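# Secondary and tertiary structure notes
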Amino acid sequence: MMAHDCSIPVIQNGVYIFDARGIARRFRHAAIFGALNALQAGETMRFCNDHDPLPLLVQIEQFFGQRVKTTYVQREADKIVIDFCIQS
């Protein structure tokens, strides 16, 4: 398994790939929040992006609070992979 390669959109063990790089910038935040709202406790959205979305992380924390646990899987200048895990 390639844990941090978002080029393979595989759903495995409750981990759902969300590659933001293919979504128009004006729709990204709405799509991300919609995807997070669709997840159930114990499920994870593996988020892939071309930049570190620090303002988005603040918005997610403000909106979801402790319900979403954020963990960086990969943090490079042009490739960011973050797991958003829904807590019960």
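Placed above this text is the structure.
Quick look at the structure, then. (Residues numbered from 1 in each chain as written. Predicted model: local features only at pLDDT ≥ 70, side-chain atom pairs only at ≥ 80, totals over all residues. Heavy atoms only, no water.)

### Section: the sheet that holds strand β2 (residues 44–49)
How we decide: When DSSP finds two or more bridges between two strands, those strands count as paired. Note on conventions: DSSP H or I runs of at least 4 residues are helices, E runs of at least 2 residues are strands, and numbering of each starts at the N terminus. Angular values range over 0 to 180 degrees, each being the angle between N-to-C directions of two axes fitted as lines to C-alpha atoms, with helices fitted over their stretch in contact.
Strand order in the open sheet made by the four strands is β1-β2-β4-β3, with mixed pairing throughout. At either end of the open sheet lies a strand with only one pairing partner, and these are β1 (15–19) and β3 (68–76). Sheet twist, expressed as the mean angle between neighbouring strand axes with direction ignored, is 20°. Of the pairings in the sheet, the one linking β1 to β2 comprises five bridges and is parallel in character. When the sheet's bridge partners are listed, Y16 is paired in β2 with M45.

### Thoughts on the packing of aromatic side chains
Rule in force here: Geometry of aromatic contacts follows a simple scheme: Phe, Tyr and Trp rings, the Trp one being its six-membered ring, pair when their centres are within 6.5 Å, and the pair is stacked under 30 degrees between planes, edge-to-face over 60, tilted otherwise. A 1.4 Å probe rolled over the protein chains alone gives each residue an accessible area, and that area as a share of the maximum for its type sets the label: buried under 20%, exposed over 50%, partly exposed in between.
Applying the stated rule across the entire model yields five aromatic pairs. Taken together, a centroid distance of 6.2 Å and an interplanar angle of 20° make the contact between F18 and F47 stacked. With a gap of 29 residues between them, F18 in strand β1 and F47 in strand β2 connect regions that are remote in the sequence. Comparing F18 with F47, the two get one shared label, buried. Taking the centre distance of 4.8 Å and the plane angle of 80° together, the rings of F63 and F64 count as edge-to-face. Through successive ring pairs, a cluster of aromatic residues spans F18, F47 and F84.

### As for the packing of helix α1 (residues 25–38) against helix α2 (residues 54–64)
The following threshold applies: Angular relationships are summarised with four words: roughly parallel below 35 degrees, roughly antiparallel beyond 145, roughly perpendicular across 65 to 115, and oblique for the angles in between. Whether a crossing is left-handed or right-handed is set by the direction in which the near helix is turned from the far one by less than a right angle, anticlockwise for left-handed and clockwise for right-handed. Any pair of residues with heavy atoms lying within 4.5 Å of one another is described as a contacting pair. Residues are grouped as follows: Ala, Val, Leu, Ile, Met, Phe, Trp, Tyr, Cys and Pro are nonpolar; Asp, Glu, Lys and Arg are charged; every other residue, Gly included, is polar.
At a closest axis distance of 12 Å, the pairing of α1 and α2 adopts a crossing angle of 40°. The angle between the axes of α1 and α2 places the two elements in the oblique class. Both α1 and α2 take part in a crossing whose hand is right-handed. Residue-level inspection shows H29, I32, F33, L36 and N37 of α1 in contact with α2, the latter providing L56, Q59, I60, F63 and F64. A breakdown of the residues in the contact of α1 with α2 according to their chemical character gives seven nonpolar, three polar and no charged.

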